[in-house]
Amino acid sequence: MNCFKADPLSRVAIRHFVRLLKRKVGLEYELYFPILPFVENVLPVLIPDFQFEVVPRFEMGGKHGETYPNKNLMKIREDVYLRAASGEGRDRLTIAHEVGHLFLHEDDAIALCRLAPEEQLKPFENPEWQADAFGGELLASSYLIKSMTVPEVQEKCGVSSSAAYIQLSALRRHN
Ligand SMILES: [Zn+2]
């Protein structure tokens, strides 16, 4: 089976990276991460040739978002963008996930690999796992939500209840 394998990156390393990034842009202690203003106003400052495209649904098909880290290009489907703009947690997380690909997955960090049938890609080598971990941490940062409940995380961080649950359980597993 073919798959994409990324340089290994632990959840701890991803948390650290996200915290430094949030510190750099003055958002370290903000519970609600303003994902769209970040993508539209801050990313172009951090990455001068960054391009952001909102793409109509008929052009993008089933994909919600797509990122080409080597071109510094991110595409978000129009309906996802609009729902994220109105505060929908699931769509905010889709965009945060794409930001993860942008920062973590330049070509040289990703290799196409072929796994033996019985072999499994380890989660921390899977670029999708890494982008999910990054996105979750960006919106619901472990160091800010430690003593919160799922509904509190959902409301204060603007994420879905499942994302809030995943972030809190990852925190409790200490992985
Ligand atoms: Zn992805």
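The sections below set out a description of the structure shown in this document. (Residues numbered from 1 in each chain as written. Predicted model: local features only at pLDDT ≥ 70, side-chain atom pairs only at ≥ 80, totals over all residues. Heavy atoms only, no water.)

## Considerations on the overall build of the protein chain
Threshold: Working definition: helices are DSSP H or I runs of at least four residues, strands are E runs of at least two. Numbering for both runs from the N terminus. Throughout, radius of gyration means the C-alpha value; the globule benchmark is 2.2 Å times the number of residues raised to the power 0.38. Note on exposure labels: buried denotes an accessible area under 20% of the residue type's maximum, exposed denotes more than 50%, and partly exposed covers the range between, all computed with a 1.4 Å probe on protein chains only. Contacts: residue pairs with any heavy atoms within 4.5 Å of one another.
A tally of regular secondary structure across the protein chain gives nine helices and five strands. For a compact globule of 175 residues, the expected C-alpha radius of gyration is about 16 Å, and the protein chain comes in at 16 Å, within 12% of that figure. Evaluated residue by residue, the protein chain yields a buried proportion of 45% over its 175 residues. Expressed as a percentage of contacts within the protein chain between residues at least 6 apart in sequence, the contacts between residues at least 24 apart total 65%.

## Some words on the coordination of the zinc ion
Selection rule: For Na, K and Ca the donor cutoff is 3.2 Å, while for all other metals N, O and S atoms must lie within 2.8 Å; water is not among the atoms, so some sites may look incomplete.
Only His97 (NE2), His101 (NE2) and Glu128 (OE) from the protein coordinate the zinc ion, and they sit 2.0 to 2.1 Å from it. All donors to the zinc ion come from one chain, and their sequence spacing reads H-x3-H-x26-E. Of the two residues, histidine 97 is situated in helix α5 (residues 89-104) and glutamate 128 in helix α6 (residues 127-139); the sequence distance between them amounts to 31 residues. What makes histidine 97 buried here is its relative accessible area of 12%. Residue glutamate 128 is classed as partly exposed on the basis of its relative accessible area, which comes to 40%.

## Focus on the packing of helix α2 (residues 35-46) against α5
What counts is decided by this rule: The axes are straight lines fitted to the C-alpha atoms, using for helices just the contacting stretch, and the angles between their N-to-C directions are given from 0 to 180°. When describing relative orientation, an angle under 35 degrees is termed roughly parallel and one over 145 degrees roughly antiparallel, while 65 to 115 degrees is termed roughly perpendicular and anything else oblique. By convention the crossing between two helices is left-handed if the near helix lies anticlockwise of the far one by an angle smaller than a right angle, and right-handed if it lies clockwise. Charged residues are taken to be Asp, Glu, Lys and Arg, nonpolar residues to be Ala, Val, Leu, Ile, Met, Phe, Trp, Tyr, Cys and Pro, and polar residues to be all remaining types, Gly included.
Viewed as axis vectors pointing N to C, α2 and α5 meet at an angle of 20°, and their least axial separation amounts to 10 Å. As summarised for this structure, α2 and α5 are arranged roughly parallel, according to the angle between their axes. As for the relative orientation of α2 and α5, their crossing is left-handed in sense. Listed contacts from α5 to Ile35, Leu36, Phe38, Val39, Leu43 and Leu46 of α2 are Arg92, Ile95, Ala96, Val99, Leu102 and Phe103. When grouped by side-chain class, the residues that make up the contact of α2 with α5 number 11 nonpolar, no polar and one charged.

## Things to note about the packing of aromatic side chains
The test is simple: Only centres within 6.5 Å qualify two rings of Phe, Tyr or Trp (six-membered ring in Trp) as a pair; their planes then separate them into stacked at under 30 degrees, edge-to-face at over 60, and tilted for everything else.
With the rule as written, the count across this model stands at seven aromatic pairs. Within the aromatic cluster, the residues linked to one another by ring pairs are Phe17, Phe103 and Phe134.

## Some words on the nonpolar core
Quick reminder of the rule: Take the buried residues of types Ala, Val, Leu, Ile, Met, Phe, Trp, Tyr and Cys, join any two whose side-chain atoms come within 4.5 Å, and each joined set is a nonpolar core.
Judged by nonpolar contacts, the single largest core of 36 residues is most densely connected at Ile35, Val39, Val99, Leu138 and Val153. If you list the elements that add at least two residues to this core, you get α1 (11-24), α2, β4 (73-77), α4 (78-85), α5, α6, α8 (150-157) and α9 (161-173). Ignoring anything within four residues of it in the chain, the contact list for leucine 138 reads Val18, Leu21, Lys22, Phe33, Ile35, Ala96 and Val99.

## A few points about the sheet that holds strand β2 (residues 51-55)
Backbone-to-backbone hydrogen bonds join strands into a sheet, with any given pair of strands oriented parallel or antiparallel. Inclusion rule: Whether two strands pair depends on DSSP finding at least two bridges between them.
Here three strands make up an open sheet; going across it, the order is β2-β4-β3 and the pairing mixed. Among the strands making up the open sheet, the edge pair consists of β2 and β3 (65-68). Shown here is a sheet whose adjacent strand axes are inclined to one another by a mean of 15°, direction ignored. Of the pairings in the sheet, the one linking β2 to β4 comprises five bridges and is parallel in character. Counted as the bridge partner of valine 55 is arginine 77 from β4. Of the strands in this sheet, β3 and β4 touch α5, which is tilted by about 165° from β4.

## Remarks on the side chain of histidine 105
With respect to the helices and strands, histidine 105 occurs in the loop between α5 and β5 (110-114). By relative accessible area, histidine 105 is classed as buried at 4%. Excluding anything up to four places from it in sequence, histidine 105 contacts Ala6, Pro69, Gly100, Ile110, Pro127, Gln130 and Ala131.

## Some thoughts on the pattern of salt bridges
Quick note on the threshold: In the sections that follow, a salt bridge refers to a side-chain nitrogen of Lys or Arg positioned within 4 Å of a carboxyl oxygen of Asp or Glu.
Tallied over the full model, the rule gives eight salt bridges. A salt bridge links arginine 83 to aspartate 79, with the nearest nitrogen and oxygen atoms 3.3 Å apart. Taken together, the positions of arginine 83 and aspartate 79, both in helix α4 and four residues apart, correspond to about one turn of that helix. Among the residues examined, arginine 83 registers a relative accessible area of 29% and is labelled partly exposed. Judged by its relative accessible area of 15%, aspartate 79 falls in the buried class. With its nearest N and O atoms 2.9 Å apart, the salt bridge here joins aspartate 91 to arginine 83. Looking at aspartate 91, the relative accessible area reads 2%, which means it is buried.

Treat this as a map of the structure, not an account of what it does.
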